[in-house]
Amino acid sequence: MLLYRCISIFLVGILMKNFVQSVRRKLTQIAKKNIKYRRFIRWSMNTYRLLRYKIETFGNRVNDKIIIFSSFNGRNYSCSPKAIYEYMVQDPRFEDYTFVWAFKDIKKYKPYFTDRPNTIIVKQGGKKYRKFVSKAKYWIFNFKVDDFLKPKKNQIFVQCWHGTPLKMLGCDLKHLDNALNTTSGMKKRYHIESEKFDYFISPSKFASDRFRSAWDLEAVGKSDIMIEQGYPRNDELFHFSEQDVDQIKKDLFGYYYLEYEKDIKKKKIILYAPTFRANQHQSGLGYVYDTPIDLDYMYDRLSDEYIILFRAHYFICNQFDFDKYAGFVYDVSKYDNINKLYMITDILVTDYSSVFFDYANLKRPMIFYMYDLEYYRDKSNGFYIDVEEELPGKIVRNDKQLVEEIRRVTTDFKYDEKYKRFNDKYNYLDDGNATERVVNTIFADVL
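This is a predicted model, so every value here is computed, not measured.

### Describing the pairing of strand β11 (residues 306-310)
Residues in a regular strand point their side chains to alternate faces of the sheet. Counting buried residues along β11, five of its five residues qualify, which places the element largely inside the surrounding structure. Relative to β11, strand β8 (residues 268-273) is paired through five bridges, and the arrangement is parallel. Looking at β11, one finds that Y272 is bridged to F310. In terms of strand pairing, β11 meets strand β12 (residues 329-331) through three bridges, oriented parallel.

Given below as C-alpha cells:
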C-alpha cells in the first residue's frame, strides 16, 4: 500500500509539472503577441514581488560591512564580481567584512567556498537573498537586477556589467528584433535601472561613453559614476603560466587528456563563442540557438588537427548533442571561467559576442563568423563600431571561408598594426592590476 501511494504521488507530481509547463508556454505565446497583456503580467509580477520584498525586509538595517555578490543573475561564479571578491577576501583590510554570494545552484558552488572566511552562500532570488540585499551596504553585480529591487539611500550598487559593448544596448537601440520586448519597453527598463547605480565599472573611454548613453545616465544625473580603470575580470589574462594551461586542459578534457595527452597537445584549440539571437525564443524553454556551422563539414576537414570548444551565450537554454563529434567538439557552455578557456585557446571564432574584446588582450588570432551580418546590423541590435573597419580579424560568411581562414591564421598570423590599434583603443587599461584600482576606488571613503 505504501509503495502504491508513493508511485501515485510521483505520477501526480509529474502530471502537475507538465501541466504547469504547458500553461507557462501558452502564457508566453500570448505575451509574445499581445503587448498590453505582456505589460500587465510584468506589472503584476513586479507589484507582487515589491510588496513581498517590503514585508519580508521591513525593519532590516543596512550593515556597512556586508557585501553581496552575484554574477549573471546567479548562474555562475565568474566575471568581475568574482575577481573583486577574491581580491577582497585576501586583503586584511576587509577581514571583518561579511561576503555573501548568490547562486541559482547552491550545491554546485558551495564547495568553492569551504575554506573562504566570512562567506555566506544564498539562493539567488530566494528569501535569504532578499534579506541580504536589503542589509548589504554594497551590491556588486554584473547584470540588470529585478525592476522591483532598488537600493536604499545608504546602499551602494556597483554595476560591473559583463563586457565592452559591440551591440547597441538599452536607450541607444533604434530597433529591436526581440520576441519578448519592444524597443520602448526595453528603454523604459534601462531608465529604471540607471537610477539605481552608484558606480559603473568600465574598461575604456569608449565603453564609458557607450554605457552613459545606453543607460541615459545624464538624464538621472549620474554621468560621473564611471570607474574607468580596466576590467577586474581580465586581470587573470596577465597572470598565468604554461603549467596553468596544462592543468586547465587536464581538468577540462579529463579522460580524453589522460588517454590522448600527446594527441591533444599537438592539436590547435578553437573556441567558438557565438552570441544569442533575441528573436530565437521558444515558449516554455527560453532563448535557443541553432548553430549555423555545418559540423559534419568541419569534422571532415579539421578533426585531425583541431579541437572545437563550443560555448553558448548564458541566455541560451537548449541543450546541444555533440556525441557524434566526440573528441572534436566539446560543449563548454557550463564552464564557469571563460578566462581559462581563453588561456588554452589558439583561435577564437565568434560573431557579435563581446568576448573578442577581452580575448584581444592575448594578441591571438580571431575570426568573425558573421553569416547574418546585414540582418543583425540593420534589423536587429545594430553596432557601436564599424565592424568591417575595426575588427582585428577577418569576417567570414560560410563554412568554406571559415575553414580556409582557420588554416591560414594557424600558419600565417601576425599581431599587426590594425590589431594593435584595436587594443590601444579598447583594452589600454587592462594590465593585470585593474581589480586593485577598482576596489580602492569603491572603498576609498572607508579604508
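### Things to note about the packing of aromatic side chains
Applying the stated criterion to the full structure yields 52 aromatic pairs. Ring plane angle 80 degrees and centroid distance 5.0 Å describe the contact between Y77 and W101, whose orientation is recorded as edge-to-face. With Y77 in the loop between β1 (63-70) and α3 (79-88) and W101 in strand β2 (residues 98-103), this residue pair connects regions lying 24 residues apart in the sequence. Taken as a pair, Y77 and W101 share a single burial class, namely buried. Considering the side-chain rings of Y415 and Y419, the 4.9 Å spacing of their centres and the 55 degrees angle between planes classify their relative orientation as tilted. Take Y415: its relative accessible area is 31%, and that puts it in the partly exposed class. Every member of this aromatic cluster is reached through a ring pair, and the members are W139, F141, F143, F157, W161, Y190, F197, F200, F211 and W215. Taking the ring centre of Y231 as reference, the NZ or CZ of R233 above it sits at 5.3 Å. Above the ring of Y297, the side-chain terminus of R301 is found at 3.6 Å from the ring centroid.

### Some details on the sheet that holds β8
Spatial strand order, β12-β11-β8-β13-β14-β15: six strands in an open sheet with parallel pairing. In this open sheet, the two edge strands, each paired with only one partner strand, are β12 and β15 (394-396). Strand after strand, the sheet turns through a mean of 25 degrees between neighbouring axes, direction not considered.

### Focus on helix α7 (residues 205-214)
For α7, the set of buried residues is F206, A207, S208, F211 and A214. Next to the buried residues of α7 lie α6 (183-194), β6 (199-202), β7 (226-228) and α17 (417-426). Of the residues flanking the end of α7, it is D216, one or two places downstream, whose phi is positive at about 50 degrees.

### So, a positive patch on the surface
A contiguous patch of positive charge on the surface is contributed by R75, K104, K123 and K334. Relative to the helices and strands, K104 is located in the loop between β2 and α4 (106-109). Judged by relative accessible area, which is 38%, K104 ranks as partly exposed.

### Re helix α18 (residues 434-442)
The complete set of buried residues in α18 reads A434, T435, V438, V439 and I442. One side of α18 carries all its buried residues, which in axial view fall inside an arc of 125 degrees. Buried residues in α18 make contact with α3, β4 (136-141), β5 (156-159), β6 and β7.

### Quick notes on unusual backbone geometry
You will see that F72, though not glycine, has its phi angle at about 50 degrees, which is positive. Topologically, F72 is positioned in the loop between β1 and α3. Its identity is not glycine, yet K363 carries a phi of approximately 60 degrees, on the positive side. Positionally, K363 belongs in the loop between α13 (355-359) and β14 (366-369). For K363, a relative accessible area of 44% corresponds to the partly exposed category.

### Focus: the pattern of salt bridges
Applying the stated criterion to the full structure yields 27 salt bridges. Put simply, E56 and R130 hold a salt bridge, and the shortest N to O gap is 2.6 Å. Of this pair, E56 sits in helix α2 (residues 35-56) while R130 sits in helix α5 (residues 127-135), placing them 74 residues apart in sequence. The class for E56 is partly exposed, based on a relative accessible area of 30%. Of the charged contacts, one joins D64 and K137 as a salt bridge, the two residues approaching to 4.0 Å between their closest N and O atoms. With a gap of 73 residues between them, D64 in strand β1 and K137 in strand β4 connect regions that are remote in the sequence. By relative accessible area, D64 is classed as partly exposed at 47%. Judged by its relative accessible area of 17%, K137 falls in the buried class. Each member of the salt-bridge network shares a partner with another, and the members are D246, K250, E261 and K265.

### Regarding the sheet that holds strand β3 (residues 119-123)
In spatial order, the strands read β3-β2-β1-β4-β5-β6-β7; together these seven strands make up an open sheet with parallel pairing. Looking at the sheet topology across the chains shown, the edges are occupied by β3 and β7. Looking at each pair of strands side by side, their axes are set apart by 20 degrees on average, direction ignored. Bridge analysis of β1 against β4 gives five bridges, and the strand direction is parallel. Across the sheet, residue I67 finds its bridge partner in β4, namely Y138. Along the sheet face, α5 touches β1, β2, β3 and β4 and points at about 115 degrees away from the line of β4.

Thresholds, definitions, all that
- Residues numbered from 1 in each chain as written.
- Predicted model: local features only at pLDDT ≥ 70, side-chain atom pairs only at ≥ 80, totals over all residues.
- Heavy atoms only, no water.
- Buried < 20%, exposed > 50% of the residue type's maximum accessible area, 1.4 Å probe, protein only.
- Helix = DSSP H or I, 4+ residues; strand = E, 2+ residues; numbered from the N terminus.
- Pairing = 2+ DSSP bridges.
- Phe/Tyr/Trp six-rings, centres within 6.5 Å; stacked < 30°, edge-to-face > 60°.
- Lys NZ or Arg CZ within 6 Å of the ring centre and 35° of its normal.
- Axes fitted to C-alpha atoms, helices over the stretch in contact; angles between N-to-C directions.
- Contact = heavy atoms within 4.5 Å.
- Patch = residues over 30% accessible without salt bridge, like charges linked within 9 Å, V, L, I, M, F, W, Y side chains within 5 Å.
- Areas by Shrake-Rupley, 256 points an atom, 1.4 Å probe, with all protein chains shown as cover.
- Salt bridge = Lys/Arg side-chain N within 4 Å of Asp/Glu carboxyl O.
- Lys, Arg positive; Asp, Glu negative; His and termini not counted.
- Charge placed at Lys NZ, Arg CZ, Asp CG, Glu CD.
- Arc of directions from axis to C-beta.

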